Structure formats: structure tokens, C-alpha cells
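Here is how the chains run, residue by residue.
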Amino acid sequence: MVRLAQGAPSQCNMQATRVYLYQGRHQIDQILALQGGARGFSQSISNLAIVTSDTRAWRGSNQRNQIYVDGALFLMHSCWPRRHFGSWLAHSILRSMVELNGKFVT
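So, how was this worked out
- Residues numbered from 1 in each chain as written.
- Predicted model: local features only at pLDDT ≥ 70, side-chain atom pairs only at ≥ 80, totals over all residues.
- Heavy atoms only, no water.
- Buried < 20%, exposed > 50% of the residue type's maximum accessible area, 1.4 Å probe, protein only.
- Helix = DSSP H or I, 4+ residues; strand = E, 2+ residues; numbered from the N terminus.
- Arc of directions from axis to C-beta.
- Contact = heavy atoms within 4.5 Å.
- Core = buried A, V, L, I, M, F, W, Y, C linked by side-chain atoms within 4.5 Å.

Caption draft 1: Structural context of helix α2 (residues 25-35). Of all the positions in α2, only Ile28, Ile31, Leu32 and Gln35 are classed as buried. What you see down the axis of α2 is that its buried residues fit within an arc of 95°, all on one side. In α2, those exposed residues whose orientation departs by more than 90 degrees from the buried face are His26, Ala33 and Leu34. Packing partners of the buried residues in α2 comprise β1 (17-22) and β2 (48-53). Positive backbone phi, approximately 85°, marks Gly36, located one or two places after α2.

Structure, rendered in C-alpha cells:
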């Protein structure tokens, strides 16, 4: 799925999106506890992918929103392969905001 999603467009072809895959129950529980939006179904999650974007790819305040645009395009493209792989693949997009070094990060 990630390989297919890498075909998503990005500004200046920066490809600053990163994906982290977690499959261990303990790690998934810790991460979802930070996120908080999956409490009703968190035990049924066996694979957790976190999509991030590297802020070092952009310079200046005029590009401050590009991280969200590129990340969203990548995430959207990562959902499309569901049709390719069949109905056994389910996904849910959860947004999170966590505090990092005294600042809130989404």
C-alpha cells in the first residue's frame, strides 16, 4: 500500500512523507492512548500506520501549509489500494495532536 501511495503528487516532488508501521500490541496501545480517538475499537487494530511529513523539506512561512497538503495527498492515495487488495482490508483515518517540546503538533 505504501509503495502505491508513493505515486501521490508532492510540491516540487519533495516526497517528504514518511510512514511508520506498528504491529506490536503494546506499541499500538501506547500510540492510540496518545491519540484517544480509537477507544471503541482499538483492540481490533492489528496494524497501525502513522503518516508524517518532514518539515525540513520546506523553507519559509509561505510554505507552512504545504506539509498538510502533501501529507493529505499521500494519505488519500494510501486509502485507494483498498479496492486493489479486496474487502478484507479496512482502514480508519485518525487525526492526532500531541505536545512535543512545548508545542502542539498535528
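Caption draft 2: Region of interest: the environment of Ser78. Examined against the element boundaries, Ser78 turns out to sit in helix α3 (residues 66-79). Put simply, Ser78 and Val2 are 76 residues apart on the chain and 6.2 Å apart in space, counted from C-alpha to C-alpha. Ser78 has contacts with Met1 and Ala5, leaving out every residue within four places of it along the chain.

Caption draft 3: Examining the nonpolar core more closely. In this structure, Ile28, Ile31, Leu32, Ala38, Ile45 and Leu48 together form the largest nonpolar core, which totals six residues. Per element, the largest residue contribution to this core is three residues, and it comes from α2. Those residues within four positions of Ile28 in sequence are excluded, and the remaining contacts are Tyr22, Gln23, Ile45, Ser46, Asn47 and Leu48.

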